[in-house]
Amino acid sequence: MTSTKPTIYQTRRLPTEVESALSTLGEVRHPPGFRPPTADDLRKALRKSDAILCTVRDRFSANLLRTPGRRTGLLANFGVGVDNIDLEAARSVGVRVSNTPGVLTEATAELTIALILAVLRRLGEGERLVRSGGWTGWEPTQLLGRSAHGLRLGVVGMGRIGATVARRAHAGLGMRIRYASRSPVPPWELGGIEAEKVSLDRLLIESDVVTLHVPSTPETHHLIDARRLALMPPSSVLINTARGSIVDEAALVAALSEGRLAGAGFDVYAEEPNVPEALRAMEQVVLLPHLGSATLETRTAMGKLALANLRAWFEGGTLPTPVV
Ligand code: DGY
């Protein structure tokens, strides 16, 4: 930290309102032309900036965080997920980390609902049919999907986003909710809806739609693996708006191509932006480019929260949303 104007490294373009507010906090630097920063750019930024405003795409490995001559004291992550940062290493070298929880809950839950509907009602296939010029007109048996109403939704991880998806799916779509989570969630946090807590395996066996809302940690890596995919009924679908690492993508491709799973809706992937070619070739799968929080209001709110953390850090105050 410095007592004069602090230096902030901004890794990516942000909504205009956020960039204007950021410029009042200190001297802002960024990669030339805002090209994606390389590891070398980040290393230099760690040496030359008091704080870095980074995103879920910017990887801070242990090696990078141990950069000799480091000046950076805070990584203000623009995102709730912090799996891009080696938190253990940050802790051990004394770099603080903040994130942006809460403000993206509604947008991410909304996108999850959109994916559930898109997969069940075959919206991707329908859209491709119209765009290809191959649609020959209404047919009584054309692209028949499934109605969400009355289906069993299994929510894996009942944090803020999982609970919001549960409430909306129940109130808006008439789905029946069950969840798997480390601790039970009191009914008032679920808006009074009926939702039984069950084991993950039972949830997979007894759900029509499974939606994932756990963070990416060593414990959740490939949480949904070949064994667990085999528990899901062949008519069921899997939705992932959390993190790609939670699902074994090779096992997912095998389950889908062998008809052991009816469909999938994914917004996140293990090695973004690489999406397995086999998945891209499947009609029964809806694939989005990590759009969970992609609304202007949400991205602006995320920026403001990241800025609140930067401001608190520069003023020696308490970080509003600390991770480390
Ligand atoms: C997050 O915040 O973790 C999202 O994945 C990006 O908005």
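Since the structure is predicted, the reported quantities are computational estimates derived from the model, not experimental observations.

With that settled, consider the pattern of salt bridges. It is possible for side chains of opposite charge to pair when their charged atoms get near one another. For the coordinates displayed, the defined rule picks out 23 salt bridges. Arg35 is the partner of Asp41 in a salt bridge, and the nearest nitrogen-oxygen pair spans 2.5 Å. Residue classification places Asp41 among the buried positions, given a relative accessible area of 12%. Of the residues examined, Arg35 reaches a relative accessible area of 35% and is grouped as partly exposed. The network of salt bridges with shared partners includes Arg178, Glu196, Arg202 and Glu206.

This paragraph deals with a nonpolar patch on the surface. Together, Val130, Trp135 and Trp138 make up a nonpolar patch on the protein surface, roughly 420 Å² of accessible area in all. Taking relative accessible area as the criterion, Val130 reaches 52% and is therefore assigned exposed.

What follows concerns the site of the ligand. Every residue close to the ligand is listed here: Val56, Gly79, Val80, Gly81, Leu104, Arg243, His290, Ser293 and Met302. Here an oxygen atom of the ligand and a side-chain polar atom of His290 are 2.6 Å apart. Summarising the interface, the protein chains cover 89% of the accessible area of the ligand, which totals 230 Å² for the free molecule. Residues belonging to the shell around the ligand are distributed by class as follows: four nonpolar, four polar and one charged.

We now examine the side chain of Thr164. Summarising the element assignment, Thr164 is placed in helix α7 (residues 160-173). Ignoring sequence-local partners within four residues, the contact set of Thr164 consists of Thr105, Glu106 and Ala109.

Attention now goes to the sheet that holds strand β5 (residues 96-98). Taken in spatial order, the five strands of this open sheet run β2-β1-β3-β4-β5, and their pairing is parallel. Edge strands, defined here as strands with exactly one partner in the open sheet, are β2 (27-29) and β5. In this sheet, adjacent strand axes meet at a mean angle of 20° when their direction is disregarded. The sheet contact formed by strand β4 (residues 74-78) and β5 spans three bridges and is parallel. For Leu75, the partnering residue across the bridge sits in β5 and is Val97. Packing against the sheet, helix α1 (residues 16-23) makes contact with β1 (7-10), β2 and β3 (51-55), and its axis sits at approximately 160° to β1. Relative to the sheet, helix α2 (residues 39-48) contacts β1, β2, β3 and β4, its axis offset from that of β1 by approximately 165°.

Criteria and thresholds
The numbers attached to residues start from 1 for each chain and follow its sequence in the written order. Totals for whole chains, interfaces and linings use every residue, but because this is a predicted model, local features are given only for residues with pLDDT of at least 70 and side-chain atom pairs only at 80 or more, for both listing and counting. Hydrogens and waters are ignored; side-chain quantities use all the structure's heavy atoms. Any carboxyl oxygen of Asp or Glu that lies within 4 Å of a side-chain nitrogen of Lys or Arg is treated as forming a salt bridge with it. Throughout this description, buried means an accessible area under 20% of the type-specific maximum (1.4 Å probe, protein chains only), exposed means over 50%, and partly exposed covers the range between. Patch membership requires more than 30% relative accessible area and the absence of a salt bridge. Residues of like charge join within 9 Å; the nonpolar side chains Val, Leu, Ile, Met, Phe, Trp and Tyr join within 5 Å. Only the protein chains shown count as cover for residues, and all accessible areas are computed by the Shrake-Rupley method using a 1.4 Å probe. Being near a molecule or strand, for a residue, comes down to having at least one heavy atom within 4 Å of it. Pairs of N or O atoms are called polar contacts if they sit within 3.5 Å, as long as, within protein, a hydrogen donor faces a hydrogen acceptor (for residues adjacent in sequence, only side-chain-to-side-chain pairs). Three classes are used, and their members are as follows: Ala, Val, Leu, Ile, Met, Phe, Trp, Tyr, Cys and Pro are nonpolar, Asp, Glu, Lys and Arg are charged, and the others, Gly among them, are polar. Secondary structure elements follow DSSP: runs of H or I of four or more residues count as helices, runs of E of two or more count as strands, with numbering from the N terminus. Every residue pair with non-hydrogen atoms within 4.5 Å of one another is taken to be in contact. Two strands qualify as a pair provided that DSSP identifies no fewer than 2 bridges between them. Simply put, an axis is a line fit to the C-alpha atoms, just over the touching stretch for a helix, and the angle between two N-to-C directions goes from 0 to 180 degrees.

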